[in-house]
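# Architecture at a glance
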Amino acid sequence: MPGLLRGIARTAVVAGTATAVSNRVSRRQAGRWAQQDAGVQQGYEQPQQAPPPPPTPPQAAAPEDPMSTKIEQLKELGDLRAQGVLTDEEFAAQKSRILS
């Protein structure tokens, strides 16, 4: 019987030691993962710019004011002239066409 108790005691000590070592390794690994996650989280916490809103499509269902349509066309012509796409003569011709 003393040999049996000695074997059981030895098994208990070995199992207890293995459990303690395993738990310590698990805690250390969890700590390392937590540090890595904290580093990654800091990257996500930085404010990010919101993407620009998508351009609004022209509304075909609602009738537009003829004057606002003309104003929009004149603005587009002015932009084209400012970019150098249209000459002053072409701009004047298109402007008179829109306003008439």
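Here goes a summary of the coordinates provided. No experiment lies behind these values; they were computed from the predicted model shown.

## Focus: the overall build of the protein
Counting its regular elements, the protein contains 3 helices and 0 strands. Put simply, the protein has 100 residues, and 4% of those count as buried. A total accessible area of about 9100 Å² is found for the protein, and carbon and sulfur atoms account for 59% of it.

## Observations regarding the packing of aromatic side chains
Within a pair of aromatic rings, the relevant descriptors are the distance that separates the centres and the angle that separates the planes. Enumeration according to the criterion identifies 0 aromatic pairs in this entry. Seen from the ring of F91, R81 lies directly overhead, with NZ or CZ sitting 4.1 Å from the centre.

## Describing the packing of helix 2 (residues 66-83) against helix 3 (residues 88-99)
Running from N to C, helix 2 and helix 3 point in directions that differ by 175 degrees, and their axes come no closer than 10 Å. One finds that helix 2 runs roughly antiparallel with respect to helix 3. Contact residues: K70, Q73, L74, L77, G78 and R81 in helix 2; D88, F91, Q94, K95, I98 and L99 in helix 3. The class makeup of the residues in the contact of helix 2 with helix 3 is 5 nonpolar, 3 polar and 4 charged.

## Overview of a nonpolar patch on the surface
Among the surface-exposed residues, L4, L5 and I8 lie close enough to one another that they form a single nonpolar patch of about 310 Å² accessible area. Mapped onto the elements, L5 comes out in helix 1 (residues 2-45).

Reading the values: rules and limits
Residues numbered from 1 in each chain as written. Predicted model: local features only at pLDDT ≥ 70, side-chain atom pairs only at ≥ 80, totals over all residues. Heavy atoms only, no water. Helix = DSSP H or I, 4+ residues; strand = E, 2+ residues; numbered from the N terminus. Buried < 20%, exposed > 50% of the residue type's maximum accessible area, 1.4 Å probe, protein only. Areas by Shrake-Rupley, 256 points an atom, 1.4 Å probe, with all protein chains shown as cover. Phe/Tyr/Trp six-rings, centres within 6.5 Å; stacked < 30°, edge-to-face > 60°. Lys NZ or Arg CZ within 6 Å of the ring centre and 35° of its normal. Axes fitted to C-alpha atoms, helices over the stretch in contact; angles between N-to-C directions. Parallel < 35°, antiparallel > 145°, perpendicular 65-115°, else oblique. Contact = heavy atoms within 4.5 Å. Nonpolar A, V, L, I, M, F, W, Y, C, P; charged D, E, K, R; others polar. Patch = residues over 30% accessible without salt bridge, like charges linked within 9 Å, V, L, I, M, F, W, Y side chains within 5 Å. Salt bridge = Lys/Arg side-chain N within 4 Å of Asp/Glu carboxyl O.

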